[in-house]
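Descriptive analysis of the structure
These are the residues of each chain, in order.
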Amino acid sequence: MASRRPLRPEIRRRRIVALAVGIAIVVVAAGVSVEAVDRHPRPAPAVAPPPVRARQFRIVFPEGFTRAQMALRVRDVARIAAREHGAPVALAEVPYLRASSTVRVPCFGGKRYDDSEGFLFPATYDFLAPTSSRTLVSDQLQTFCERWTTVDLSYARSKRLSSYDVLIIASMIEREAAVASERRLIAAVIYNRLRDGMQLGIDATLRYGLHIPPGRPITERELESGNPYNTRRFYGLPPTPIANPGLASIEAAAHPAHVD
């Protein structure tokens, strides 16, 4: 008996079933491939580590420090920084003294001074291991000019005092004042004695000129010294500032108290 030939609708159903089975196989295979990729992801691109910040150090110069005292502070802080850094640092006592021996001060007309006393502004300065002594001195001079230009010198100029005179007076105030309230009174004493043609009689100037340590009494022989910083013997202001004053003493030197 001859086999029955499938009808056209049945043939169409078979083709549809075969096509559906094929699509299902493709979908399952794709899922397996995706899962395999997920199980073995590609390595993420390497990310560069953040740059290491250079170690920063700090040096503090108190108000009233002399240039010599600042050089000693540089020496001590440089030793500590080198120990913490594990290698030498550029700051050092002798280079600091050399860099500060002769300076040009922009806010004083760029004039060259062979004695930088008074211009090395006392403040806190940050530095790195490669920071040179010359850079530190430059920072001090820049800070000095930033502070100096905020001071009104009109009253001092009316008394025929130059900018450098005011700086000298400020340095004497810084070394003489025990408390802040004394600053403008000390300035008044200096102004009045200059006006009256008297010796200033300030022991701090003689101590500076003869390198007399604080606390040790001044001898009679020292009081009779011909040192130019002896304001008990000579009239007028000493040749240079005797310390590096802060802004409060500079302000007082420009605006003394109005007293007899």
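Before reading on, note that the structure itself is shown above.
Read on for a plain summary of the structure. Predicted model only: the values in this text are computed from it and were never measured. (Residues numbered from 1 in each chain as written. Predicted model: local features only at pLDDT ≥ 70, side-chain atom pairs only at ≥ 80, totals over all residues. Heavy atoms only, no water.)

Each helix and strand counted, the protein chain has ten helices and four strands in total. Starting at the N terminus and ending at the C terminus, the protein chain contains elements arranged as α-β-α-α-β-β-β-α-α-α-α-α-α-α. In the protein chain, the proportion of contacts linking residues at least 24 apart, taken out of those at least 6 apart, comes to 67%. Carbon and sulfur atoms make up 56% of the accessible area of the protein chain, which amounts to about 16,200 Å² in all. (Helix = DSSP H or I, 4+ residues; strand = E, 2+ residues; numbered from the N terminus. Contact = heavy atoms within 4.5 Å. Areas by Shrake-Rupley, 256 points an atom, 1.4 Å probe, with all protein chains shown as cover.)

Turning our attention to the state of the cysteines. Inspection of the entire model under this criterion finds one disulfide. Sulfur-sulfur distance for the disulfide between Cys 107 and Cys 145 comes to 2.2 Å. On the sign convention where negative means left-handed, the S-S torsion of about -75° between Cys 107 and Cys 145 marks this disulfide as left-handed. Of this pair, Cys 107 sits in the loop between β2 (103-105) and β3 (111-113) while Cys 145 is found in helix α4 (residues 133-148), placing the two residues 38 residues apart along the sequence. (Disulfide = S-S within 2.5 Å.)

Turning our eyes to something else, we now look at the pattern of salt bridges. For side chains of opposite charge, pairing can occur when their charged atoms come near one another. The full count for this structure, using the stated rule, is ten salt bridges. Taking the shortest distance from any N to any O, the salt bridge between Arg 58 and Asp 126 comes out at 2.7 Å. Of this pair, Arg 58 sits in strand β1 (residues 56-60) while Asp 126 is found in strand β4 (residues 124-128), placing the two residues 68 residues apart along the sequence. Classification of Arg 58 by relative accessible area gives exposed; the value is 55%. Ionic pairing is found between Glu 174 and Arg 183, a salt bridge with its closest N-O pair at 3.9 Å. Taken together, the shared-partner salt bridges connect Glu 63, Glu 174 and Arg 183 into one network. (Salt bridge = Lys/Arg side-chain N within 4 Å of Asp/Glu carboxyl O. Buried < 20%, exposed > 50% of the residue type's maximum accessible area, 1.4 Å probe, protein only.)

To continue, consider the side chain of Ser 133. Within the fold, Ser 133 resides in helix α4. With residues up to four places along the chain from it excluded, the contact list for Ser 133 reads Ala 90, Leu 91, Ala 92, Pro 95, Tyr 96 and Ala 99.

Moving on, we come to the packing of helix α7 (residues 183-195) against helix α10 (residues 247-254). When two helices pack together, you describe them by how their axes are tilted relative to each other and by the distance separating the axes. For the pair α7 and α10, interaxial distance at closest approach is 8 Å and the crossing angle is 40°. When the axis of α7 is compared with that of α10, the two are oblique. As for how α7 packs across α10, the hand of that crossing is right-handed. Across the interface between the two elements, Arg 183, Arg 184, Ala 187 and Tyr 191 of α7 pack against Ala 248, Ser 249, Ala 252, Ala 253 and Ala 254 of α10. Among the residues forming the contact of α7 with α10, the class breakdown is six nonpolar, one polar and two charged. (Axes fitted to C-alpha atoms, helices over the stretch in contact; angles between N-to-C directions. Parallel < 35°, antiparallel > 145°, perpendicular 65-115°, else oblique. Left-handed = near helix turned anticlockwise from the far one by under 90°. Nonpolar A, V, L, I, M, F, W, Y, C, P; charged D, E, K, R; others polar.)

Moving on: the nonpolar core. In this structure, Tyr 96, Phe 119 and Phe 144 are the most contacted members of the largest nonpolar core, which totals 57 residues. The dominant element in this core, judged by the number of residues it contributes, is helix α6 (residues 163-176), at eight residues. If we ignore the near neighbours within four places in the chain, the residues touching Phe 119 are Val 105, Phe 108, Tyr 113, Gln 140, Leu 141, Phe 144, Tyr 164, Leu 167 and Asn 244. (Core = buried A, V, L, I, M, F, W, Y, C linked by side-chain atoms within 4.5 Å.)

Before going further, it helps to spend a moment on unusual backbone geometry. In this structure, Arg 160 takes a positive phi of about 65° despite not being glycine. You can see Arg 160 is positioned in the loop between α5 (154-158) and α6. Given a relative accessible area of 79%, Arg 160 falls into the exposed group. A positive phi is found at His 211, a non-glycine position, where the angle reads about 60°. Here His 211 is to be found in the loop between α8 (203-210) and α9 (220-223).

Our focus in this paragraph is the layout of surface pockets. Of the volumes computed, that of the largest pocket is approximately 340 Å³. Where the lining of the largest pocket is concerned, the elements lending two or more residues are α2 (67-85), α6 and α8. The element best represented in the lining of the largest pocket is α8, accounting for three residues. Within the lining of the largest pocket, the residues separate by chemical class into seven nonpolar, three polar and three charged. (1 Å grid on protein atoms, 1.4 Å probe; cavity = no way out; pocket = protein on both sides within 12 Å on 5 of 7 lines; lining within 4 Å. Points joined across faces, edges and corners; volume = space filled by probe spheres on them.)

Turning our eyes to something else, we now look at the environment of Ala 71. If you trace the backbone, Ala 71 turns up in helix α2. Judged by relative accessible area, which is 1%, Ala 71 ranks as buried. Between the C-alpha atoms of Ala 71 and Arg 98, which are 27 residues apart in sequence, the distance is 9.9 Å. Among residues more than four places away in sequence, those in contact with Ala 71 are Glu 93, Tyr 96 and Leu 97.

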